[in-house]
Every structure is written in structure tokens, then in C-alpha cells.
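# Tertiary structure, described
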Amino acid sequence: MTFSSMWRDLTPVGRDARSGGYSRFAWTREDDTLRQWFAAEAQRRGLDLTVDRVGNQWAWWGDPDAALAAGRPGIVTGSHLDSVPDGGAFDGPLGVVSAFAALDALRDSGFEPDRPIGVVNFVDEEGARFGVACAGSRILTGAMTADRARSLADADGTSMAEALTAAGRDPHELGPDSETVRRVGTFVELHVEQGRHLSTLDTDTPVAVGSDIWPHGRWRLRTLGEANHAGTTRLEDRDDAMLGFAAAVIAARRAAEEHGCVATVGKVAVTPGGVNAIPSEVTGWLDARGADEDAVRRVVADVTDVVDEFGGLVVEDSWTASTPFDPGLARRIATRLGGIPVIGTGAGHDAGILANAGVPSAMLFVRNPTGVSHSPEEFATSEDCLAGVEALTTVLTDLAGAHA
């Protein structure tokens, strides 16, 4: 299968005909289709497919357990296939398709790896359904407990445990899987660039290597009031939960500007939710990120102060500290690829979760000329995608070769 044919097979899954965006959420019908696609690609290549306790899929060329016993754990690449609501085509799938394409290129060249090579599809990376990003890798490495994961609920009130059961999985199997993690000697994740740093450089370079992931987190903001009629209740008699929430949103923007960070409230749930009803409760989710951890925490503290003034509550849903990728590995990759740029990113990735778990990890970024991501406008040219495959092939040759 070529890169273009694999890409073509994935194109219709979860796509909105009007917007062109994708909604591919964990443990849904669309997710099942994507998982079947991954399994079929593994079978087509004669790879050994395993599924860990969380549901992450691993396709192995070679025996990872024998290699681990010999002290030479595997080289793994891949990414995720799920999306944010109405997301772009490239975020996640580009890394998985490129991984299979790079493996094909290695085999076509007659390359014989000295270490097993794995391709992974991490489940629920975006956290679009249950609210916690990188859930698949977090649970796998123990960064999030199974009890907490099972209790997470989507907008319809369906818990992750219930969703797993509906998808034919036993939610009691959910939990850390140290055996799977030990198989991964090095992880390299290819991803579309989220931003347009590469497009601003003087050199025409379609690929960069990652240096680090900014610290970032998600917080649930909740303000309370009293439901009442929007047309008959005097302003002075109202207890409108939306006012406190609106103040928190404005505070988030001001705090982000003051502390040199970014902050976004992109998801809101209003109760009772009627156009002509005063809100009795508003829950929203704050996403805050920045190059400096203390600065991000100051943003959240400023927002919390405002929510407190209105008698509300702020709860941390997830937090990922500043995550440097293995500096020696990044230098090795940059040098091997002819001195390509080394850049940081404000977006979270499974590679960052593995890095925090002690797995030597790196990222390759493919140029995004628009800089737009998490949107139907997300884009990378075919030429740049193939350049990414070529770069990944070179990296895997270097890491899994006889002299690695």
C-alpha cells in the first residue's frame, strides 16, 4: 500500500460533508473503523498485532520480547487516529500512515533491522470525548489511574467504563502496562506542525525535530446561579451563573497576556441551556499553556481568584509538566537529517507522556504552510508529507540498524 492509498482509505472516516472536518472520538463507531483499518494494515504486512491493557494497538516487525531479553528493546513510531471535534485530517493520522509507509520503504530497500520496529496507534490522544488528553498513553504509563479514567464521562453522561463495555472491552482490564512500555527502547513520533515556524525560516526545510513540549493543562471551571425566566426576572433579582463564567473567560485572556502564555476556553456546558432561561450552572474547560511552568500556574491562579469571587470552583483535570525530549536523541536525528531545525511546541503529544515515563523520545514535525491545526483548514502538501516519510525512514534506519 502506498502513502496515497492509505490516506485515501482514511479520508471518509468521520468526515463532515459540509465542513470537511473530522469527528473521530474514542470508543465510537468511527474509532472502531479506524482500529480495524490499523489491524488490516498490520495484517497486510505480516506484522504481529498486540493490544495493551488500555486498548493502544501495536504492530511489530520482529519479536520485541526476545529483543528486550537481549537488552535491545524496540524502536517504535506512530501516533494516533482520533481527532478533536471538527478537526483536521493530518493531526495524528499523518504519523500513523507515515510510520507504515516508512516501514514499507525499509523493506523495499532490503533493510534488515537489528532491533524490532513497532508502529503504534495510541487511543484517545485528543481527549475530545472524555476531557483528558493523551488518555491512552497516560493510563499505559500510570500517569493517570484506571479508577479515574473509568469514571470520566462524555457530554452525554456516558462514562469511559460504559463506553469500553459498549465497544466490547472489559473496563476492569484498564490500567498501567509496564510490560508494553519496557518493549519501547526509543519512540519517534512524526506529526504535522501545529503552527508555522518552519514556513517562517529562510531555508526551505519541510521537516524539523522537536526539542520540548511546553507545560500545559486543562481545568474545569464551574459557576453557579439560579435558573429563572429570562423575560420576567428583574436584573437586580437575578443570580446568573453566566456572569461569573464570563468574568473568568476574560480573566483568562488578560492573565495569559500578562504572564506570556496562551489560554483558551473552548468548551462550555450551560444548565438548563434554554435561550430564554437564566443559567443556573455553567461549566467550561480552560486550556492553558506556556514556555514557563510558573507562568502557566499564575494564569490559572488569576482565573481561580475570579471564579472564587463568584462562589465557583476550579478543578484540575490534567497537567503535564515541561517535557524536554531526549537531547542526545534530538541532536542525533537533526545531524542525521542534515542539520534540520530543532523547535519546541505548545501542543501535547503521546511522545511527551512517554518521555516523562523515562522512554527516550523524539518528534519530527512536517511543515504546515497555514499554521492552522485542530481545524478543517489544517494542511500539509503531498511533497512535504513524503519528505516526512523519507526523514522518518532515515531515522529508523539509523536507530534500528546494526550499529545502533
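Residues numbered from 1 in each chain as written. Predicted model: local features only at pLDDT ≥ 70, side-chain atom pairs only at ≥ 80, totals over all residues. Heavy atoms only, no water.

Relative to each other, helix H1 (residues 3-10) and helix H4 (residues 93-108) sit at 145°, their axes nearing to 10 Å. In this structure, H1 crosses over H4, and the sense of that crossing is right-handed. Residues Phe3, Met6, Trp7 and Leu10 of H1 pack against Pro93, Leu94, Val97, Ser98, Phe100 and Ala101 of H4. Counted by class, the contact of H1 with H4 contains 9 nonpolar, 1 polar and no charged residues. (Axes fitted to C-alpha atoms, helices over the stretch in contact; angles between N-to-C directions. Helix = DSSP H or I, 4+ residues; strand = E, 2+ residues; numbered from the N terminus. Left-handed = near helix turned anticlockwise from the far one by under 90°. Contact = heavy atoms within 4.5 Å. Nonpolar A, V, L, I, M, F, W, Y, C, P; charged D, E, K, R; others polar.)

So, about the packing of helix H2 (residues 29-44) against H4. For any two helices packed against each other, the geometry is given by the interaxial angle and the distance between the axes. Where H2 meets H4, the closest approach of the two axes is 11 Å, and the angle between their N-to-C directions is 10°. When the axes of H2 and H4 are compared, the pair comes out roughly parallel. Packed against H2, whose contacting residues are Trp37, Phe38, Glu41 and Ala42, the element H4 presents Val96, Val97 and Phe100 at the interface. Within the contact of H2 with H4, the residues separate by chemical class into 6 nonpolar, no polar and 1 charged. (Parallel < 35°, antiparallel > 145°, perpendicular 65-115°, else oblique.)

Glancing now at the pattern of salt bridges. Summed over the entire model, instances satisfying the criterion amount to 20 salt bridges. Salt-bridge contacts for Glu41 lead to Arg45; the nearest nitrogen and oxygen are separated by 2.6 Å. With respect to burial, Glu41 and Arg45 carry one shared label: buried. Notably, a salt bridge pairs Asp398 with Arg332, separated by 2.8 Å at the nearest N-O pair. Taken together, the positions of Asp398 in helix H13 (residues 382-400) and Arg332 in helix H11 (residues 327-336) put the pair 66 residues apart, joining distant regions of the chain. Connected through shared salt-bridge partners, Glu41, Arg44, Arg45 and Asp104 make up one network. (Salt bridge = Lys/Arg side-chain N within 4 Å of Asp/Glu carboxyl O. Buried < 20%, exposed > 50% of the residue type's maximum accessible area, 1.4 Å probe, protein only.)

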